[in-house]
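Report on the structure
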Amino acid sequence: MYNTCLPHTNTLHDWYKSVEAKPGFTQEAIERLTEKVKNSKKSLLCSLVVDEMSIRQQKIWKRKNYEGLVDIGIANNDSNQINSKNFNSGIGLAKYLKDRQTDLCGTLRKKKTCLPDAVTKKKLKRGDVVARQMDSYVTVLKWHDKRDVLMISTCHYDGMTNVSSWRGESSKPNMVIDYNDAKKGIDVADQLCSYYSPLRKSLTWYKKITIDLLFQAVLVNTRVVFLEATGCSVSILKIQEAMIRHWLGDDVQKKQTVRLSTGNPRRRHLSEIPRRDGKIIRRRCVRRYAKKKEEGQFSKAKQVNTECLECGKGYCLACYNEVHK
């Protein structure tokens, strides 16, 4: 099925020729968001989110120009903020963004360079927090909840806020609260995609990208739109099954109809006796009871939990097929 629904390799090459695919935010994405906001009847708030963004530190000469110098975004005001994971966060990135009027908030690895030892090597108990400010705007914070959480931010201090959870009231840094609010959408989407992931190691890279967009990113967005429109929750598996049935058309329904019609239609009248308070109700098989009664051993007649819907008598499967031929 993948060989027919995925785009051809030449199509992807043509797409890369017409669309700028350099590292960073592409101009096409920004123009598309701007056009969508202008044409919408409602007020829209757009957000560009980059998951697992890799920033190159080296320059590569490509005969005509250099590649590797990534411009993450030059802001016109102080309201722009980038939330990053610990793989990308660092003191250098925070200074680079701050020089371009863009704030950074994200987790941090303790092995990063230029971090204050008073924060990284400090041993904390649950609920304790320690923070240091560098260059008057870069704040490095360490907070211990279940384990140590190391954060960096250029728009937060060491302020705390009381939050309520199933464990009760507790204090949490404002830096952690803002980071969770910004990244929870990506984490939930990754969690939903991981349950029924169609990705395989044998697939080539362009097939992985296409499958990830079609069967993961699109399905998560479909689930969100369906939930907002109807208010009914549906699993990713149900959406995948509905999409596959739509692609296959009437073939699936025809096969299911044939399977039902090939069986013995009389067996559909042999059903389980309704339970009482969750307990299984058993009866003597009528035919076996009659045979055992002639032998004087009616107490040894087989007990079954199935009955015939037509006559309302208890039968085992073998006796039912012999009586209702």
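My aim in this report is to walk through the structure given alongside it, one point at a time. (Residues numbered from 1 in each chain as written. Predicted model: local features only at pLDDT ≥ 70, side-chain atom pairs only at ≥ 80, totals over all residues. Heavy atoms only, no water.)

Let us now look at the packing of helix α7 (residues 205–230) against helix α8 (residues 236–248). One way to put it is that α7 packs onto α8 with a least axis distance of 10 Å and a crossing angle of 110°. On the basis of their axis angle, the class for α7 and α8 is roughly perpendicular. In this structure, α7 contributes F215, L219, V220, T222 and R223 to the contact, and α8 contributes I236, I239, Q240, M243 and W247. Of the residues belonging to the contact of α7 with α8, the class tally is seven nonpolar, two polar and one charged. (Axes fitted to C-alpha atoms, helices over the stretch in contact; angles between N-to-C directions. Helix = DSSP H or I, 4+ residues; strand = E, 2+ residues; numbered from the N terminus. Parallel < 35°, antiparallel > 145°, perpendicular 65-115°, else oblique. Contact = heavy atoms within 4.5 Å. Nonpolar A, V, L, I, M, F, W, Y, C, P; charged D, E, K, R; others polar.)

As enumerated under the stated definition, the model contains zero disulfides in all. No disulfide involves C155; its nearest neighbouring cysteine sulfur is the one of C105, lying 5.5 Å away. Looking at the unpaired C316, the closest cysteine sulfur is the one in C319, lying at 3.3 Å. (Disulfide = S-S within 2.5 Å.)

Moving on, we get to the nonpolar core. Generally speaking, a soluble globular protein has its nonpolar side chains buried in company with each other. Core analysis: the biggest nonpolar cluster contains 16 residues, and I91 and V140 have the highest contact counts within it. For this core, the secondary-structure elements that each account for two or more residues are α4 (91–98), β5 (129–134), β6 (138–144) and β7 (148–153). The leading source of residues in this core is α4, at four residues. When residues no more than four places from it in sequence are discounted, the contact partners of V140 are I91, L108, L115, P116, V119, V130, A131, R132, M134, L150 and M151. Within the second largest apolar cluster, ten residues are counted, among which are L192, C193, I211 and L219. (Core = buried A, V, L, I, M, F, W, Y, C linked by side-chain atoms within 4.5 Å. Buried < 20%, exposed > 50% of the residue type's maximum accessible area, 1.4 Å probe, protein only.)

No statement about biological role is implied by the geometric values presented.
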